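Close look at the chain arrangement
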Amino acid sequence: MTGNFPTAAKAAEILERVRQTRPRVHCLMNTVVQKFTADGITVIGGIPSMTTSLEEIESFVTKADALTVNLGTLDAERRKVIRLAIEIANASGKPWIVDPVHVDYSPSRLDFTRELIAQSPTIVRGNRAEMGLIGDVPGAVRIETGPVDHLRDATRNVGIVNGHPWMAKVTGTGCLSGGVIAAFMAVEKDALTAAASALAVTGVSAELAAKQAKGPGTFEPSFLDALSEISGEDIINHARIEHEQG
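What this report covers is the structure whose coordinates are included nearby. Residue numbers restart at each chain and count upward from 1, following the sequence in its written direction. Two thresholds apply to this predicted model, a pLDDT of at least 70 for residue-level local features and 80 or more for giving and counting side-chain atom pairs, whereas whole-chain, interface and lining totals are computed over all residues. To obtain the side-chain values, all non-hydrogen atoms of the structure were included, while hydrogens and water were left out.

1. Overview of the overall build of the protein chain
Of the regular secondary structure elements, the protein chain holds 10 helices and nine strands. For the radius of gyration, the atoms used are the C-alpha atoms, and the globule rule reads 2.2 Å times the number of residues raised to 0.38. Here the protein chain has a C-alpha radius of gyration of 16 Å; the compact-globule value for 246 residues is 18 Å, and the two agree. If you line up the protein chain on its principal axes, its C-alpha atoms span 45 × 40 × 35 Å. Between buried and exposed lies partly exposed: a residue is buried under 20% and exposed over 50% of the maximum accessible area for its type, with that area taken using a 1.4 Å probe on protein chains only. The 246 residues of the protein chain split such that 55% are buried. In short, Shrake-Rupley with a 1.4 Å probe defines the accessible areas, and a residue's cover is counted only from the protein chains shown. Carbon and sulfur atoms make up 49% of the accessible area of the protein chain, which amounts to about 10700 Å² in all. Each charge class in the protein chain can be summarised by its mean position, and for the 24 positive and 29 negative side chains these summaries are 1 Å apart. Put simply, DSSP marks the helices as runs of H or I at least four residues long and the strands as runs of E at least two long, and each gets a number from the N terminus on. Asp and Glu count as negative and Lys and Arg as positive, but His and the ends of the chain are not part of the count. Positions of charges follow a simple convention, taking NZ of Lys, CZ of Arg, CG of Asp or CD of Glu.

2. Some remarks on the nonpolar core
Soluble globular proteins: nonpolar side chains tend toward being buried together. Residues Ile123, Leu151, Ile181, Phe184, Phe219 and Phe223 are the most contacted members of the largest nonpolar core, which totals 59 residues. Secondary structure elements with two or more residues in this core: helix H1 (8–21), strand S1 (24–28), helix H2 (34–44), strand S6 (141–145), strand S8 (157–160), helix H7 (173–187), helix H8 (191–212) and helix H9 (216–229). With 13 residues, H8 is the largest single contributor of residues to this core. Note on contacts: a residue pair qualifies if any of its non-hydrogen atoms lie within 4.5 Å across the two residues. Those residues in contact with isoleucine 123, other than ones at most four positions away along the chain, are Trp96, Ile97, Val98, Ala140, Val141, Ile143, Ile181, Met185, Ala191 and Ala195. Counting 25 residues, the second-largest nonpolar core is a separate cluster that includes Leu67, Val81, Trp96 and Leu116. Residues grouped as a nonpolar core are buried Ala, Val, Leu, Ile, Met, Phe, Trp, Tyr and Cys residues, joined through side-chain atoms within 4.5 Å.

3. Regarding the state of the cysteines
For the purposes of this analysis, a disulfide is any pair of cysteine sulfur atoms at a distance within 2.5 Å. Summed over the entire model, instances satisfying the criterion amount to zero disulfides. Here cysteine 175 stays unpaired: no disulfide links it, and the sulfur of cysteine 27, its closest cysteine neighbor, is 10 Å away.

4. Looking at the environment of asparagine 162
If you trace the backbone, asparagine 162 turns up in the loop between S8 and H7. On the accessibility criterion, asparagine 162 (5% relative accessible area) is buried. Taking C-alpha positions, asparagine 162 is 8.1 Å from histidine 238, a pair spaced 76 residues apart along the chain. For asparagine 162, the contacting residues outside a window of four places in its chain are Ala200, Gly203, Val204, Glu207, His238, Ala239 and Arg240. Here a polar contact means two N or O atoms within 3.5 Å. Within protein one must be a hydrogen donor candidate and the other an acceptor candidate, and residues neighboring in sequence count only if both atoms are side-chain atoms. Within the local environment of asparagine 162, its side chain forms a polar contact with the side chain of glutamate 207, the two groups lying 3.2 Å apart.

5. Things to note about the packing of aromatic side chains
In this description, a pair of aromatic rings is defined by centroid distance and the angle of the planes. Two rings belonging to Phe, Tyr or Trp (six-membered ring only in the last case) form a pair when the distance between their centres is within 6.5 Å. Interplanar angles under 30 degrees mark stacking, angles over 60 mark edge-to-face geometry, and anything in between is tilted. Evaluated as defined, the whole model comprises two aromatic pairs. Aromatic pair tryptophan 166 and phenylalanine 219: ring centres 6.1 Å apart, planes at 65°, arrangement edge-to-face. Taken as a pair, tryptophan 166 in the loop between S8 and H7 and phenylalanine 219 in helix H9 lie far apart in primary sequence, 53 residues in all. By relative accessible area, phenylalanine 219 is classed as buried at 0%. With 5.6 Å between their ring centres and 10° between their planes, phenylalanine 219 and phenylalanine 223 make a pair best called stacked. Of this pair, phenylalanine 219 and phenylalanine 223 both sit in helix H9, four residues apart, which is roughly one turn of the helix.

6. Topic: the sheet that holds S6
With respect to topology, nine strands assemble into an open sheet ordered S2-S1-S3-S4-S5-S6-S7-S8-S9, the strand pairing being mixed. If you trace the sheet from one side to the other, it starts and ends with strand S2 (47–49) and strand S9 (241–243), each paired once. Within this sheet the neighbouring strands show an average axis-to-axis angle of 20°, counted without direction. In short, DSSP must find at least two bridges between two strands for them to pair. Where strand S7 (residues 149–152) lies against S8, four bridges are found, and the strand directions are antiparallel. Following the sheet pairing, leucine 151 is matched in S8 by valine 158. Angles here are taken between N-to-C directions and fall from 0 to 180 degrees, while the axes themselves are lines fitted to C-alpha atoms, restricted in helices to the stretch in contact.

7. Digging into the pairing of strand S3 (residues 66–70)
With five of its five residues buried, S3 lies for the most part within the structure. Inspection of the sheet shows S1 paired to S3 by four bridges, in the parallel sense. For leucine 28, the partnering residue across the bridge sits in S3 and is valine 69. Taking the sense of rotation as the criterion, the β-α-β connection linking S3, helix H4 (residues 76–91) and strand S4 (residues 96–99) turns out right-handed. A crossover counts as right-handed when, viewed with the strands pointing away from the observer, the path leading from the first strand over the helix to the second turns clockwise.

Structure (structure tokens):
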């Protein structure tokens, strides 16, 4: 294995940079989870924007520091907006992440995702079924989420072991983590380190939240509270970032 590997201390340091610099993240997000994602970006210190207006997207992406594209709710108009947003992000050198939600359900969605991947995303993030269809993503960080999140770039393989089963029972925790990854990418040029750090922070926050919650219903607000309150010491003491074999 070669390259610099992310650490818990680095994750704590990147989170502090997010809190100090307040990066802007534009989200082309699943409409079901827009508020939850916006709240998550806000409580960690970022500034979210969510418009999908074709007339406004150029202005918003131009002012953003990073872009997250989520295909959870997709139609012809949104496809146009996504294409334009990515064109603007690429032209200005802004990092962007694509979450290919439910490409395993829809051949047309899978074709669209492949079109987007050809536009050189910084990160592609999906679950095992989604990433199994997508395969390799040369030039990008590949993230396969699950009980352990597996991250891979050209030289490094990393596993994030943190999290809690209630994350899978609250709609939007994955979408929210995509927004957090974008915020971390806005302040950290090493995309794998940014993503691993963001997933460690959300995973530790979920573990801390579960100690206060009674179930999925109370877990959601507790998760936002934990994201807002998590300290560098919490991350250093609880983050489990593993270096995996390729």
